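# Structure at a glance
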Amino acid sequence: MNESQSPGDQVAEAWRQHRPYLVNLAYQMLGDVGDAEDVVQEAFLRFSRADINEIGDVRGWLTVVASRLCLDQVRSARARYERPGEVSELPAPQRTDPADRVTLDDEIRTALLEVLRRLSPAERVAFVLHDVFGVPFDSISDTVGRPVGTCRQLARRARAKFLAAQPKTNSVASAEHQLVTDKFITACANGDLTGLAAVLDPTVWGVGTILADPAPPPQINHGPQAVATNLLRYLWPGVTLVVGPAGGPALLAFSGRRLFAVIVLSIRGSRVVKIQAIADPSARAGQVAEYT
C-alpha cells in the first residue's frame with residue numbers, strides 16, 4: 001500500500017486489486033453471488049474505517065474480515081435451515097427434453113450449493129480457505145477461532161465429503177492453477193486487456209456456444225489478442241466472475257447477479273491454452289453477443 005496516497009485513493013486501489021479475489025472467495029463459502037458481493041462491500045467499508053497505514057498485508061486483512069463475515073452468515077443460514085418448517089429442501093434439478101431450449105438458471109447454482117451444504121460452517125470455511133485459496137492454517141485458526149490442529153481436521157473432513165459428493169471431478173486446483181485463474185478474473189473485472197492477454201498462451205484458442213433457437217454456429221478465436229479482446233467485450237464492465245464452489249473447473253459469469261455464462265479454462269503450466277464457453281444472451285438484459 002502506497003502511504004503517499006490519500007486514504008480514499010488507497011481504498012480505491014485496494015478495491016481494484018482485491019475485490020475480484022474477495023468476491024470469488026466469498027462465493028465459494030456462500031454459494032450466492034449477491035451475498036458474496038454484499039459481504040465484500042461490508043469488508044471494504046470496515047477497511048475504509050480502519051487505520052490503513054497500520055495494515056501491512058491488505059489482502060490478508062481483507063481476507064480475514066470477509067471470511068469471518070462469511071462464517072457468521074453460514075452459521076446463521078445453517079441454524080435457520082436446521083429449524084423444521086422454516087426452510088424447505090432445495091428442489092432437485094428437473095430433467096428436460098433434449099429438444100427443449102436449455103437456459104443457464106438457478107438449477108446450476110442449486111447443484112453447486114448442494115455440495116457446500118454437506119459441510120458444516122467451520123468445515124466449509126477451513127476447506128475453501130486452505131484447499132482452494134492456499135491460506136495457511138494459522139491464519140484460518142484466527143478466522144474460525146479454533147486451534148490449528150482442529151482446522152486441519154476440519155479441512156480434511158470437508159475434503160473427504162466433497163470428494164465423496166463429486167467423485168468424478170478434480171475438486172482442488174493446484175496452486176499454479178489458482179494463481180492463473182485469479183489473474184484471469186482480476187483482469188476481466190478491471191477491463192485490463194494487457195493483463196488478460198498475459199495469462200493466455202501464444203497458442204490459445206477459444207470456442208463459444210450460444211444457447212438460442214436456432215443456435216448460431218460456434219464462435220472461434222485464436223491468439224491472445226483476439227481472445228482477450230473478445231472476452232472483454234462481454235465480461236466487462238459490470239460482470240462478476242467467480243469459480244464454481246470449492247474450486248470447480250468452471251468460471252461462472254453473472255450480470256445483475258444473474259448467471260448468464262459458464263466458462264471453462266484449460267490451463268497448462270502458467271498459461272490458459274483453451275477457453276470453452278456456453279452463454280445464454282437472454283439472461284443478460286439487452287445483451288445479444290458472441291462469446292469467446
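Before reading further, recall that the structure is shown in the block above.
Notes on the structure in this doc start here. Within any chain, residue numbers begin from 1 and follow the written order of that chain's sequence. Local features are withheld for residues below a pLDDT of 70 in this predicted model, meaning they are given only at 70 or higher, and side-chain atom pairs are given and counted only at 80 or more; totals for whole chains, interfaces and linings count all residues. In computing side-chain properties, one takes all heavy atoms of the structure into account and sets aside hydrogens as well as water.

### Let's talk about the overall build of the protein
Each helix corresponds to a stretch of at least 4 residues labelled H or I by DSSP, and each strand to a stretch of at least 2 residues labelled E; elements are numbered beginning at the N terminus. A tally of helices and strands in the protein yields ten helices and six strands. The proportion of buried residues among the 292 residues of the protein is 46%. Two residues qualify as a contact provided that any one of their heavy atoms is within 4.5 Å of a heavy atom in the partner residue. Long-range pairs, those at least 24 residues apart, make up 63% of the contacts in the protein between residues at least 6 apart in sequence. For the protein, the exposed surface amounts to about 14300 Å²; the carbon and sulfur share of it is 51%. Buried means the residue's accessible area, taken with a 1.4 Å probe over protein chains only, is under 20% of the maximum for its type, while exposed means over 50%, and partly exposed covers the values in between. Where accessible areas are quoted, they stem from the Shrake-Rupley method and a 1.4 Å probe; at the residue level, only the protein chains shown are allowed to cover.

### Here we look at helix H5 (residues 121–132)
Under the 1.5 Å per step criterion, the end-to-end length of H5 is 16 Å for twelve residues, consistent within 8% with the ideal 16 Å. Buried residues of H5: Pro121, Ala122, Glu123, Arg124, Val125, Ala126, Phe127, Val128, Leu129, Asp131 and Val132, and no others. Downstream of H5 by a residue or two, Gly134 has a phi angle that is positive, lying close to 70°. Multiplying 1.5 Å by the residue count of a helix minus one yields the expected span of that helix.

### Structural notes on the side chain of Thr240
Note that Thr240 resides in strand S3 (residues 239–243). Here the side chain of Thr240 touches Glu37 through a polar contact of 2.6 Å, side chain to side chain. With residues up to four places along the chain from it excluded, the contact list for Thr240 reads Val23, Val33, Glu37, Leu252, Ala253 and Phe254. Two N or O atoms count as a polar contact when they lie within 3.5 Å, although within protein this holds only if one can serve as hydrogen donor and the other as acceptor, and sequence-adjacent residues are included solely when both atoms are side-chain atoms.

### Some words on the pattern of salt bridges
Any Lys or Arg side-chain nitrogen found within 4 Å of a carboxyl oxygen on Asp or Glu counts as a salt bridge. Evaluation of the coordinates by the stated rule reveals seven salt bridges. The partner of Arg16 in a salt bridge is Glu13, and the shortest N-O contact between them spans 3.2 Å. Placement of both Arg16 and Glu13 in helix H1 (residues 7–30) is noted, with a separation of three residues, approximately one turn of the helix. In this structure Glu13 comes out as partly exposed when scored by relative accessible area, which is 25%. Glu37 serves as the salt-bridge partner of Arg257, at 2.9 Å between the closest nitrogen and oxygen. In this pair, Arg257 sits in the loop between strand S4 (250–255) and strand S5 (258–268) while Glu37 sits in helix H2 (residues 33–49), placing the two residues 220 residues apart along the sequence.

### Let's talk about the nonpolar core
To form a nonpolar core, buried Ala, Val, Leu, Ile, Met, Phe, Trp, Tyr and Cys residues must be joined to one another through side-chain atoms within 4.5 Å. Judged by nonpolar contacts, the single largest core of 47 residues is most densely connected at Met29, Phe47 and Ile140. For this core, the secondary structure elements donating two or more residues are H1, H2, helix H3 (58–81), H5, helix H6 (137–144), helix H7 (148–165), S4 and S5. Counting residues per element, this core draws most heavily on H1, which supplies ten residues. Where each domain begins and ends follows an automated or database-derived domain assignment. Here this core spans two domains, since at least three of its residues come from each of domain 1 (8–78 + 104–164) and domain 2 (175–285).

### What about the pairing of S4?
Buried residues dominate S4, accounting for six of its six residues. Of the two faces of S4, the one carrying Ala250, Leu252 and Phe254 and the one carrying Leu251, Ala253 and Ser255 are both buried. Two elements, S4 and S5, share six bridges in a ladder whose sense is antiparallel. Across the sheet, residue Phe254 finds its bridge partner in S5, namely Leu259. Here, any two strands with at least 2 DSSP bridges between them count as paired.

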